[in-house]
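Chains, contacts and geometry: an overview
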There are 2 protein chains.
Amino acid sequence: MSIDGPKVLIVEDEPSQLELLSYNLDVEGYNVFKAETGEQGLLILEETEIDIILLDWMLPQASGLEVCRQIKRNKATKSIPVIMLTARGEEEDKVRGLDTGADDYIVKPYSIKELLARVRAGLRSRDGGKGVDVLSYENLSMDLTRHGVTVEDHNVHLGPLEFKLLRVLLEAPGRVFSRDQLLERVWANSLEVETRTVDVHIGRLRKQLNAACNDDYIRTVRGFGYSLDKFA
Amino acid sequence: MSIDGPKVLIVEDEPSQLELLSYNLDVEGYNVFKAETGEQGLLILEETEIDIILLDWMLPQASGLEVCRQIKRNKATKSIPVIMLTARGEEEDKVRGLDTGADDYIVKPYSIKELLARVRAGLRSRDGGKGVDVLSYENLSMDLTRHGVTVEDHNVHLGPLEFKLLRVLLEAPGRVFSRDQLLERVWANSLEVETRTVDVHIGRLRKQLNAACNDDYIRTVRGFGYSLDKFA
DNA sequence: AATCAATGTAACAGTTTTGTAAAATGACGC
DNA sequence: GCGTCATTTTACAAAACTGTTACATTGATT
């Protein structure tokens, strides 16, 4: 039970998920508020100065989408960052497209590590918006909040998938990821995606990165997969 | 399907928990096997060389307790560390007291961080820590997660077979392996492979290593086989 | 030194894996 | 609906890897 930390509101109907999330956030020093329905969540929002909201997409009564709308409609709460938790297969693209006003979303099953990173990013964006979340390796750097990538000081424009792909690689530079692992992380295992698709996207990513620099940042490990590695 | 990492078997009936655990372990580089019932779990244990087991206390049919007993009764599996996952209120004290043979237990809701720490600890306690990801001998080192090999600070590029071969040698530096032993370990005895093939691959490995350093790391023991040894 | 068996290795052919362009698909905004 | 864009699949080319063979070299033994 932390005393101060930022206040996080979790709205999630499945108790075990709620517990787990709450516990993990608590361990990190956050001040956790729990709600099992949208109504409860909105009530808590009225009473407490919440700093960030984790909102399950699927909720028993009002859908997460609806709850999000309500939060964003209310002047007092509209500036609170909302991270939507969506289950695999609930078509993340639609989520992105929809005008929910959500600030971020994350697809289940997510790694707690990633979730925590997003929460931090969300909090940063709120107060001052100055803080940056930057991943980098050698001369390559990725600004998560700006969604921008730089190689040797050249800006590189990446499509959404390429961006995600690079992000995964960048989260553990040097580590070799099998095609299956990449499918799982980048494509959230949306079944029916060929493993070879990974190759094509790796190829594109490579081309984009190399266009700006010369050295090859992506290493192919024959028979295993790929890694971000200036192996030389 | 992860490639390297230690193999973790999770036995947990609640799908969302199973997914979450599995995903988080996978992200950390473990090779995850999933089972929703004790039976399934035991089956997997028969087929696969599991390194550590996460076992839910509450299971639909056979209770986790019973499954644990069975694991510990079986000579082949008794040495595999078992971490029990118990829900709060299921009287942890009793768990501790009971002679389940479990090596560790953790109470829900747990922080993933803590769980991962316990898993690492469990693996360490096993056989001297099979969870090592760097093998080395003298100035030669092999990073398993990176799939990279270094000799005197030079990177060496090895093909999949050469890599495996070196790995076997590196797991017991100095020990002499006969060609048959190497065939067994590296080629998994895929029938119809000539003995002489080993020589060829040893030769290739040698060439690659020597290209980067000068000293010969591989010793030929005439009439017996090869070993990793900077003898002369 | 001559012999013989064991080992080293280059070269080849066959296979597998990866790179990539281009066509098919699908989503979205107009 | 239609064009545009991003993604996925497909198909083929290129590259890397493998196992075998043949021949060269080595080392032990006589």
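Being a predicted model, the structure only gives us computed values, none of them experimental.

Take the overall build of chain A next. When its secondary structure is counted, chain A shows 8 helices and 12 strands. Taken over 232 residues, chain A has a buried fraction of 52%. Put simply, 53% of the contacts in chain A that link residues at least 6 apart link residues at least 24 apart. Here chain A displays about 11400 Å² of accessible surface, and carbon together with sulfur accounts for 48% of that area.

Lining the immediate surroundings of DNA strand C are 23 residues, of which Arg196, Gly223 and Tyr226 of chain A together with Thr220 and Gly223 of chain B lie closest. In DNA strand C, the atoms that sit within 4 Å of the protein are 51% sugar and phosphate, with bases accounting for the remainder. A distance of 2.6 Å is found between a phosphate oxygen of DNA strand C and a backbone nitrogen or oxygen belonging to Gly223 of chain A. Between a phosphate oxygen of DNA strand C and a side-chain N or O atom of Tyr226 of chain A, the distance comes to 2.6 Å. Elements represented by at least two residues in the surface near DNA strand C include exactly helix 8 (196-211) and strand 11 (218-221) of chain A together with helix 8 (196-213) and strand 11 (218-221) of chain B. Looking at the surface near DNA strand C, the element that brings in the most residues is helix 8 of chain B, giving 6 residues.

Below, the discussion takes up helix 2 (residues 38-47) of chain A. All names here are of chain A. For helix 2, the complete set of buried residues consists of Gly38, Gly41, Ile44 and Leu45. Along the axis of helix 2, the buried positions cluster into a sector of 120 degrees, meaning they face one direction only. Those residues of helix 2 that are exposed and angled more than 90 degrees off the buried face are Glu39, Glu46 and Glu47.

Once that is clear, we can look at unusual backbone geometry. Even without being glycine, Asn214 of chain A reaches a positive phi, approximately 115 degrees. Mapped onto the secondary structure, Asn214 of chain A falls in the loop between helix 8 and strand 11.

Turning to the packing of helix 6 (residues 160-171) of chain A against helix 8 of chain A, a few remarks are in order. All names here are of chain A. Direction vectors running N to C along helix 6 and helix 8 enclose 85 degrees, while the axes themselves pass 10 Å from each other. Taken together, helix 6 and helix 8 sit at an angle that is classed as roughly perpendicular. Listed contacts from helix 8 to Leu161, Glu162, Leu165, Leu166 and Leu169 of helix 6 are His201, Ile202, Arg204, Leu205, Gln208 and Leu209. Its residues assigned to classes, the contact of helix 6 with helix 8 shows 7 nonpolar, 2 polar and 2 charged.

This paragraph deals with the sheet that holds strand 12 (residues 225-228) of chain B. Residues and elements named next belong to chain B. Spatially, 10-12-11 is the arrangement adopted by the 3 strands of the open sheet, whose pairing is antiparallel. In the strand order of this sheet, the two ends are held by strand 10 (177-178) and strand 11, each with one partner. The sheet contact formed by strand 11 and strand 12 spans 4 bridges and is antiparallel. Looking at strand 12, one finds that Thr220 is bridged to Tyr226. Where helix 6 (residues 160-171) meets the sheet, its contacts fall on strand 10, strand 11 and strand 12, and the angle it forms with strand 12 comes to roughly 75 degrees. Lying over the sheet, helix 8 contacts strand 11 and strand 12, oriented at roughly 150 degrees with respect to strand 11.

Now for the nonpolar core. Residues Leu25, Leu54 and Val119 of chain A together with Leu25, Leu54 and Val119 of chain B are the most contacted members of the largest nonpolar core, which totals 38 residues. Non-local contacts of Leu25 of chain B, meaning those with residues more than four positions away in its chain, are made with Val8, Ile10, Tyr30, Val32, Leu54, Leu116 and Val119 of chain B.

Our next topic: the packing of helix 6 of chain B against helix 7 (residues 179-186) of chain B. All names here are of chain B. Running from N to C, helix 6 and helix 7 cross one another at 120 degrees; their axes reach a closest spacing of 10 Å. Classified by the interaxial angle, the pair formed by helix 6 and helix 7 is oblique. Pair helix 6 / helix 7 crosses with right-handed handedness. On helix 7, the residues that touch Leu161, Lys164, Leu165, Val168 and Leu169 of helix 6 are Leu182, Arg185 and Val186. Across the contact of helix 6 with helix 7, the residue classes break down as 6 nonpolar, no polar and 2 charged.

Across the boundary between the two partners, chain A contributes 29 residues, which contact 29 residues of chain B. Both sides of the chain A and chain B interface together cover about 2900 Å² of buried area, and 53% of this is carbon and sulfur. At the junction of chain A and chain B, the tally comes to 3 salt bridges. Linking Arg185 of chain A and Asp26 of chain B is a salt bridge whose minimum nitrogen-to-oxygen distance equals 3.3 Å. Here chain A and chain B share 13 residue pairs in polar contact (both at pLDDT 80 or more) between them. Tallying contributions element by element places helix 1 (residues 15-27) of chain A first for the side of chain A that touches chain B, with 7 residues. Across the side of chain A that touches chain B, the residue classes break down as 10 nonpolar, 7 polar and 12 charged.

Cut-offs used in this document
- Residues numbered from 1 in each chain as written.
- Chains lettered and ligands numbered in written order.
- Predicted model: local features only at pLDDT ≥ 70, side-chain atom pairs only at ≥ 80, totals over all residues.
- Heavy atoms only, no water.
- Helix = DSSP H or I, 4+ residues; strand = E, 2+ residues; numbered from the N terminus.
- Buried < 20%, exposed > 50% of the residue type's maximum accessible area, 1.4 Å probe, protein only.
- Contact = heavy atoms within 4.5 Å.
- Areas by Shrake-Rupley, 256 points an atom, 1.4 Å probe, with all protein chains shown as cover.
- Near = heavy atom within 4 Å.
- Polar contact = N/O pair within 3.5 Å; in protein donor to acceptor, adjacent residues only side chain to side chain.
- Arc of directions from axis to C-beta.
- Axes fitted to C-alpha atoms, helices over the stretch in contact; angles between N-to-C directions.
- Parallel < 35°, antiparallel > 145°, perpendicular 65-115°, else oblique.
- Nonpolar A, V, L, I, M, F, W, Y, C, P; charged D, E, K, R; others polar.
- Pairing = 2+ DSSP bridges.
- Core = buried A, V, L, I, M, F, W, Y, C linked by side-chain atoms within 4.5 Å.
- Left-handed = near helix turned anticlockwise from the far one by under 90°.
- Buried area = accessible area lost by both parts, 1.4 Å probe.
- Salt bridge = Lys/Arg side-chain N within 4 Å of Asp/Glu carboxyl O.

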